[in-house]
Every structure is written in structure tokens, then in C-alpha cells.
Amino acid sequence: MEMMKSEDAKFRDETVWQVNNLQKQIQSILASSSGSNAQDSNNRVLKVHLWDDSTLPNGYREKKLYSVEGFATHPRTTLVDSPEDADLIVWVSVRGVLEKEIPPANYKNVVLLDYADGCIAHQKRGELKHMIGYFKRSFVSRDSNSVYKGNCTADDVIGGVLPFAYSGLEALVNKDVHKERKTLITNVLRTENHHNKVRARVVHWTKSFIEQHGLENKSVIGDVGDGYSASDFDSTYLALLADSKIIVTCNPFNWEGDFRLWEALLSGALVMVDQMAIPNWMPHPFVHKKHLVFFDTRNQTEFNSLLEYYVKHEDEARQIGEAGYNFVLEHHMAKDRVSYILDNIESRLVLD
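All of the points below concern the structure found in this document. What you are looking at is a predicted structure, and each value in this text was computed from that prediction instead of being measured.

## Structural notes on the packing of aromatic side chains
- Taken as a whole and judged by the stated rule, the model has 17 aromatic pairs.
- When the ring of Y115 is compared with that of F164, the centres are 5.8 Å apart and the planes differ by 75°; the resulting orientation is edge-to-face. Here Y115, found in the loop between β4 (110-114) and β5 (131-136), pairs with F164, found in the loop between β8 (161-163) and β9 (183-187); they are 49 residues apart in sequence, far enough to count as distant. Each member of the pair, Y115 as well as F164, carries the same accessibility label: buried.
- For the pair F139 and W281, a centre-to-centre distance of 5.6 Å together with 85° between the ring planes defines the contact as edge-to-face. With F139 in the loop between β5 and β6 (140-142) and W281 in the loop between β12 (270-274) and β13 (293-295), this pair connects stretches of sequence that are 142 residues apart. Grouping residues by exposure puts F139 and W281 together as buried.
- One aromatic cluster is present, built from ring pairs that chain together Y66, Y115, F135, F164, Y166, F233, F259 and Y340.
- Looking at R61, its charged tip hangs above the ring of F259, at a distance of 4.8 Å from the centre.

Structure, rendered in C-alpha cells:
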């Protein structure tokens, strides 16, 4: 138990240090701006082109849902069809078929949104002649128990690689968040493949808890629906989330960032998720037991205690679930990620 406390303290200390370091880095980037250029970019609507790197349907959600909604709905950006007409070119990459990716090599004001899994920096970043921002979803590495190890960055990137996260989308919003819910506990994590080995552990914990408390007829364990990352969101799956009181989810063990967290939060259920670092580095970080509940993937006793508490205190669970839902709507939608991008690249924009 003392070792667990020591590991938890180390995790918190490392997270605080990384947050402070990143804030200093961001402030340094912003301080390097020329006054006239920053003023110009702040006072105009930027024309944004979403670069087609020829690899659809790989990255369909990132390219056709997240990015389109974010830049189309943000008050300071508008989408244009041609890169020749753009003030800013956004290259959304998932590196699903790396050898086929065509980067916007010869254009100015390029932002790379790297949604790929894993810690390696984009292998084709060096082909970009004027990259003014590199944002990476899978920004941290984790050990075999999903515990934070360090950041994924690259020394050759001017300004450094910055952390990025998925967000809420209008397509995920439960429009009837106050309705009566029938499913007490939901855990629909997939367990096959090596990167899901900690998820498999959490599924086992959840299933064991449900069986020990005789909650089988009130709970759902296992994959539901047929949605996947190159498709729209599955309606059967979203309907189950909207009917759930408590949703248990978990990231892949060796990286952070998946769709499931945001799908769950916008259902309005209480969300239990493994400890994460990246949300602490986004504007408006989540607060444990206020917007969601974090658990330690090494500690089944803590997990069971948390789950039992909220099963017994459904009103409190509902209050946290709705607080998390509203917090995402207010601070973590696709347009909010665009604000984060613009705040960090504005000083580097070269405008005519």
C-alpha cells in the first residue's frame, strides 16, 4: 500500500512538473510574436484549408468530423477548398498508410495535427518547409500498467511538440440527458490485441464486481454496435451509453487518448476512467470526483471501492455525470481545440 501511495505521489509530481514546463514553453512561443503580425491575425478571420493527404478512410473521424466541425464552427476561422486561398493549412494525419501520405511540403503556415497512436514523431515532418505548429494526441508514453513514463517529443520541431486531445462533437451529445436510465454499469471495452491488455484487466474487474453484487441484469459488459474509427458513430452504442448510469472506460495501456472518453462524457453518465496526464495540459482540466472519476489500473481494491460507492449513491453519481457533460459542452468541444491551436501558433503565422 505504501508503494502504491509513493507511485501515486510520483505520478502527481511528474504531472505538475510537466504542466509547469509546458506552460513556460507555450508562454515563450507567444512572447516571440511580432506585435503587428499578432494584431493582424487576431483581427481577421483565418481562411483554413484541411489538407487531403490521400489516405481516407484512414482517419475519417479526425479528418471529416473533428477537424471540419472545429474549424467550421470557430468564430475566427472559415474553411476554404483550395490551399492556394488559405491563410492556414491544417494537415490531419493518423499515419494509417504512411507511405501513401502526401504532406503539404511547399506551403507556408502549416499545422500538423498528429492523431497517430504511439510515441514516435511523424516521420514526414521534415518535408514541411514552414510548419508553425505540431500537435500530438498520443503525447505520452506509459508503462505496462498504464502509468505515465514521459512525453513524446522531437528536438528538431521548432517550438516543440505540443499535447493534444480528442474532444466532444455535436454527434455525440445526448439530447435527453435528464431522462431515466435503466443500465446501472456499462463497460464495453474491447479486450483483444496487445494494446488492450490493461483494458482486459479493467473489464475483468468490472465483471467480477457485477457478479459479486448480483447486478448482472442491470449491467452490460462487452462490445456493443459496430462502429470503428473509419466510420460514423454507431447509434446502438450511443443509445446504450445514454441509458447508462455509470460507464467504466480505459485507455490503451501504452498511450493516451481515445474516442471512448468523450463518447462517455457526452452521454451524461458518471464516467470512471484510468488516470491520465494529457487532460491536465489542456485548458480547463477535469477535476476528479467533480467532472468524472479517475482510478488506478494497478489497484483493484480502490476500483471496487469507487464503483461500490457510486452504485450506492446514484444521486451523487448523476450529479457528477451531468457536471462532466456540461463541462465538456462548455470547454472541450471541437471548436475549443481550435482555440487551443490558434493560441499556440498565432505568433508564427506569416500573413500577406
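Let us keep going from here.
## With respect to the environment of L172
- Of note, L172 is situated in the loop between β8 and β9.
- Note on L172: relative accessible area 5%, which makes it buried.
- Counting along the chain gives 93 residues from L172 to L265, while the straight-line C-alpha distance between them is 9.1 Å.
- Those residues in contact with L172, other than ones at most four positions away along the chain, are F233, L238, W262, E263 and L266.

## Notes on helix α7 (residues 300-312)
- For α7, built from 13 residues, the straight-helix expectation of 18 Å at 1.5 Å per residue is met to within 8% by its first-to-last C-alpha distance of 18 Å.
- Among all positions of α7, only F303, L306, L307, Y310 and V311 are buried. For α7, the buried positions fall inside an angular range of 130° around the axis, keeping them on one side. Among the exposed residues of α7, those pointing more than 90 degrees away from its buried face are T301 and K312.
- Along its buried surface, α7 packs onto β9, α4 (197-212), β11 (244-248), β12, β13 and α8 (314-331).
- Looking at where α7 begins, the residue whose side-chain oxygen comes 3.2 Å from the main-chain nitrogen of T301 is N299.

Conventions we followed
- Residues numbered from 1 in each chain as written.
- Predicted model: local features only at pLDDT ≥ 70, side-chain atom pairs only at ≥ 80, totals over all residues.
- Heavy atoms only, no water.
- Phe/Tyr/Trp six-rings, centres within 6.5 Å; stacked < 30°, edge-to-face > 60°.
- Helix = DSSP H or I, 4+ residues; strand = E, 2+ residues; numbered from the N terminus.
- Buried < 20%, exposed > 50% of the residue type's maximum accessible area, 1.4 Å probe, protein only.
- Lys NZ or Arg CZ within 6 Å of the ring centre and 35° of its normal.
- Contact = heavy atoms within 4.5 Å.
- Expected span 1.5 Å × (residues − 1).
- Arc of directions from axis to C-beta.
- Polar contact = N/O pair within 3.5 Å; in protein donor to acceptor, adjacent residues only side chain to side chain.

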